[in-house]
There are 2 protein chains.
Amino acid sequence: MKPKPKPKNILFVMFDQLRWDYLSCYGHPHLKTPNIDRLASRGVRFTRAYVQSPICGPSRMSTYTGRYVHSHGASWNGIPLKVGEMTMGDHLRAAGMGCWLVGKTHMRADAEGMRRLGLDPDSIIGARVAECGFDVFERDDGMVAIGPDGPLENPDDHRYSHYLRERGYAGDNPWHDHANSGVDAAGNVLSGWFMKNAAEAANIEEPDSETPYLTRRAMEFIEQASAPWLCHLSYIKPHWPYIVPAPYHTMYDTSHIKPAVRTNEEFDNAHPVLKAFMTSPVGKAFSRDEVREAVIPAYMGLIKQCDDQIGLLLEWLDQTGRMDDTMIVLTSDHGDFLGDHWMGEKTFFHDTSVKIPLIIFDPSSDADATRGTVCDELVESIDLLPTFLEIAGAIRKPSATSWKASRWCPSCMAGRKARIVTASSANMITLPLPSPSGWGSARARRSSSWSPTGGTS
Amino acid sequence: MKPKPKPKNILFVMFDQLRWDYLSCYGHPHLKTPNIDRLASRGVRFTRAYVQSPICGPSRMSTYTGRYVHSHGASWNGIPLKVGEMTMGDHLRAAGMGCWLVGKTHMRADAEGMRRLGLDPDSIIGARVAECGFDVFERDDGMVAIGPDGPLENPDDHRYSHYLRERGYAGDNPWHDHANSGVDAAGNVLSGWFMKNAAEAANIEEPDSETPYLTRRAMEFIEQASAPWLCHLSYIKPHWPYIVPAPYHTMYDTSHIKPAVRTNEEFDNAHPVLKAFMTSPVGKAFSRDEVREAVIPAYMGLIKQCDDQIGLLLEWLDQTGRMDDTMIVLTSDHGDFLGDHWMGEKTFFHDTSVKIPLIIFDPSSDADATRGTVCDELVESIDLLPTFLEIAGAIRKPSATSWKASRWCPSCMAGRKARIVTASSANMITLPLPSPSGWGSARARRSSSWSPTGGTS
């Protein structure tokens with residue numbers, strides 16, 4: 001058989017709010033995810049992968065910039081990523097690889113910064129800055145919310161809403177009324193925003209719901225794209241609203257729910273900040289068994305639907321030959337407490353919220369020895385960008401010089417981190433150090449006691 | 001007497017490489033600095049003021065952005081401050097206060113970032129971005145260095161060099177040959193780059209040397225400026241080359257040198273990074289007594305000249321009425337090992353390099369009770385920007401809301417810090433915290449055990 005070379009493309013799949021332990025390859029006892037498991041069996045599964053923040057926006061901005069939150073500054077949802085921050089797209093395009101979005105980023109454009117620097121949002125530069133460096137094939141951040149005066153964002157900007165209308169779903173906000181709500185016998189909308197409706201079937205044909213829609217959009221992107229490309233297929237689900245179309249809404253019941261990880265002692269002795277979160281409305285809700293019993297089966301159904309879509313996608317990639325020249329990375333932006341530690345949502349640095357599933361499939365023959373292996377090294381979501389840059393050919397030698405040559409200044413956090421190496425045994429970090437004659441470099445294994453990243457990463 | 005209102009202007013004086021303990025108000029036993037001491041007697045002197053980095057560039061970029069080095073990313077001299085970073089100038093101008101430079105910034109423009117965003121360096125926006133937010137009255141970074149092929153930077157860009165030529169100083173680089181070198185009887189240049197020449201008099205009339213020149217330029221700025229303004233009078237000295245014109249070159253001798261702070265044990269057991277610095281050429285040089293005995297008297301002479309110039313400046317400000325409406329802040333960008341801990345230069349986080357003198361004079365009647373007082377609170381150079389913003393009127397109430405109203409997003413490090421308060425006893429920090437309904441705020445004294453900045457600042 002002809003050896004397969006380094007992949008040309010990268011399919012970078014991210015789920016939203018997918019817990020690492022809600023996949024069967026990570027040990028969930030009842031939720032079977034054979035398709036994601038199959039990807040793991042052909043790639044490397046990381047058991048200690050962590051995001052930089054357990055909140056969508058900051059976590060993603062770290063992934064997309066390769067930098068820690070304290071460095072890029074987008075520290076909470078809705079805080080803009082500052083104009084001028086270098087992104088995955090800036091780095092990859094400079095290396096000759098396109099960087100395209102299909103789905104969610106949670107990017108808030110730095111409109112004030114763009115005005116300050118005189119950047120026109122309608123220019124190519126302005127559009128990329130506003131979309132955190134991606135060229136947009138489809139943007140879908142989900143959550144088309146309605147306030148007392150109507151939709152909070154213009155639903156006309158939302159292609160998926162158009163699609164739903166074209167498919168005959170009625171109402172001002174078919175995203176809400178159909179994709180994310182049930183319906184009762186009298187035709188009343190049972191909103192998925194209310195957790196009491198989690199056991200309903202979403203009032204939509206399953207293939208029209210958001211996860212299959214985005215899968216098809218990714219296929220449409222790949223069909224028309226010329227290599228090399230990175231496609232960020234960024235699903236909204238299994239993020240709340242916790243509601244899923246048939247047949248997924250009845251696949252799981254209370255017998256499939258893992259017990260909550262919590263003790264009375266941790267509640268009684270909680271740090272005031274954690275205690276405030278435990279006693280907030282969402283914390284109190286998820287501390288009640290009936291809420292967990294309503295929500296978790298729907299959450300599991302959403303994940304099962306995601307796994308089925310990954311199955312369709314992998315099959316299609318096999319048929320079209322793209323499995324031979326495309327690296328596939330599958331991960332999440334954070335987890336979900338689901339009542340663990342007396343909390344709901346994410347926000348804090350418990351494993352249930354900050355630890356993520358991470359699977360990397362590299363089709364090249366060099367990676368054959370790693371197939372189906374498990375890697376217990378500590379890796380972080382900011383390690384992905386240098387990994388992608390290696391695939392794009394921007395990093396030929398992991399030396400300080402090559403980082404500088406590829407315009408990664410020593411201040412760039414990603415420049416200090418190990419790339420995730422799946423195809424070889426190398427686990428080296430390279431970091432710049434000052435020397436009297438300019439920049440030198442030191443190389444150290446992570447385990448070295450003198451490794452400057454050892455204590456701080 | 002009519003009460004004096006809040007000051008209209010800010011004179012922000014920075015010295016380069018001035019050790020905190022080389023002023024008589026900070027206890028130097030031999031070096032008398034009566035003019036700086038006089039400012040301290042009319043203001044507040046801070047005994048625990050620290051820079052964010054003991055290197056010119058990163059330290060200044062923190063001061064000018066109000067953010068930590070890991071956040072703004074300009075982590076070493078020559079590393080550009082990224083395009084898009086908000087600066088003192090951006091914040092102050094938005095509050096209606098001009099922000100002008102007279103002297104040094106050590107800013108390296110992010111030329112690549114400007115190209116990427118299509119910013120024209122010759123536009124007003126581009127020029128401010130390239131000058132880290134300042135409007136330039138005079139830029140003088142000193143160090144007009146010559147390599148084997150001539151000057152390393154175009155000396156025509158350097159107004160002070162022009163001035164020297166107009167004053168009749170000859171040569172391609174009068175900055176080097178006259179302001180920073182001696183001369184022997186045969187007319188040979190004795191370069192101040194060589195520490196063996198430190199005891200020479202610089203071959204220049206004292207009023208033509210760099211410190212008096214910049215003092216006069218500040219007066220020229222102030223004379224033509226209309227309030228409100230911040231003037232960053234940023235002296236090059238007492239930074240090396242260690243050479244000073246007469247009469248300052250003979251004012252101090254070995255009897256005035258404080259003993260080096262160092263032990264054999266700290267050399268023998270040094271961390272490898274420190275040991276490398278100790279055994280670098282500059283470390284080895286400053287470990288020798290004859291080097292200290294040559295350099296330190298010249299360094300003290302440079303500081304004495306600085307103090308005399310501050311005397312002239314304060315007198316002039318009194319005469320012109322500017323002492324009544326101008327806050328004066330006097331500080332340094334870092335210190336100088338001068339052989340302490342077996343090292344020269346700065347670079348590491350010892351008090352001799354990272355601790356700075358800081359004196360704040362507030363002319364308003366509200367500050368009368370604080371005159372001549374000493375403040376032992378821990379303050380940092382990033383605290384200056386919010387302090388200046390308060391003077392500019394951008395911060396009326398120190399609440400999270402007002403920070404947001406003044407466009408300080410919660411991710412902005414400075415927004416999390418206490419302002420330096422000289423005119424009242426308040427020492428509160430305000431920081432944003434998430435709440436289910438959006439941003440709330442928590443207020444805490446620094447000393448509170450729950451203060452989130454307590455452990456990390």
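Residues numbered from 1 in each chain as written. Chains lettered and ligands numbered in written order. Predicted model: local features only at pLDDT ≥ 70, side-chain atom pairs only at ≥ 80, totals over all residues. Heavy atoms only, no water.

Colleague: Could you give me a rundown of the side chain of Asn35 of chain A, with the residues and numbers involved?
Modeller: All names here are of chain A. Inspection of the secondary structure puts Asn35 in helix α1 (residues 34-42). Residue class for Asn35 comes out buried when judged on its relative accessible area of 15%. Dropping the residues within four chain positions of it, Asn35 is found in contact with Asp307, Asp308, Ile310, Gly311 and Leu314. (Helix = DSSP H or I, 4+ residues; strand = E, 2+ residues; numbered from the N terminus. Buried < 20%, exposed > 50% of the residue type's maximum accessible area, 1.4 Å probe, protein only. Contact = heavy atoms within 4.5 Å.)

Colleague: How would you summarise unusual backbone geometry if you had to cite specific residues and measurements?
Modeller: Cis geometry is found at the peptide bond from Ala246 of chain A to Pro247 of chain A, where omega equals 5°. Tracing the backbone through its elements, the reader meets Pro247 of chain A in the loop between β9 (229-234) and α10 (264-268). A positive phi is found at Gln17 of chain B, a non-glycine position, where the angle reads about 70°. Inspection of the secondary structure puts Gln17 of chain B in the loop between β1 (9-15) and α1 (34-42). At Trp342 of chain B, a residue that is not glycine, the phi angle is positive and equals roughly 65°. For Trp342 of chain B, the position within the fold is in the loop between β10 (326-332) and α14 (351-354).

Colleague: Any chance you could break down the pairing of strand β9 (residues 229-234) of chain B for me, citing the residues and the numbers?
Modeller: All names here are of chain B. In terms of residue burial, β9 counts as a mostly covered element, since six of its six residues are buried. Because side chains alternate across β9, one face comprises the buried residues Trp229, Cys231 and Leu233, and the other comprises Leu230, His232 and Ser234, equally buried. Strand direction decides the pairing type here: β1 and β9, joined by five bridges, are parallel. Along β9, the bridge assignment pairs Val13 with Leu233. (Pairing = 2+ DSSP bridges.)

Colleague: Which residues make up the packing of helix α9 (residues 210-224) of chain B against helix α13 (residues 289-320) of chain B, and what are the values?
Modeller: All names here are of chain B. Contact geometry of α9 with α13 gives a least axis separation of 9 Å together with a crossing angle of 20°. Taken together, the axis directions place α9 and α13 in an arrangement best described as roughly parallel. Where α9 crosses over α13, the handedness of that crossing is right-handed. For the pair formed by α9 and α13, the contact residues are Thr211, Pro212, Thr215, Met219, Ile222 and Glu223 on the first element and Gln305, Cys306, Gln309, Leu312, Leu313, Trp316 and Leu317 on the second. In terms of residue class, the contact of α9 with α13 is made up of eight nonpolar, four polar and one charged. (Axes fitted to C-alpha atoms, helices over the stretch in contact; angles between N-to-C directions. Parallel < 35°, antiparallel > 145°, perpendicular 65-115°, else oblique. Left-handed = near helix turned anticlockwise from the far one by under 90°. Nonpolar A, V, L, I, M, F, W, Y, C, P; charged D, E, K, R; others polar.)

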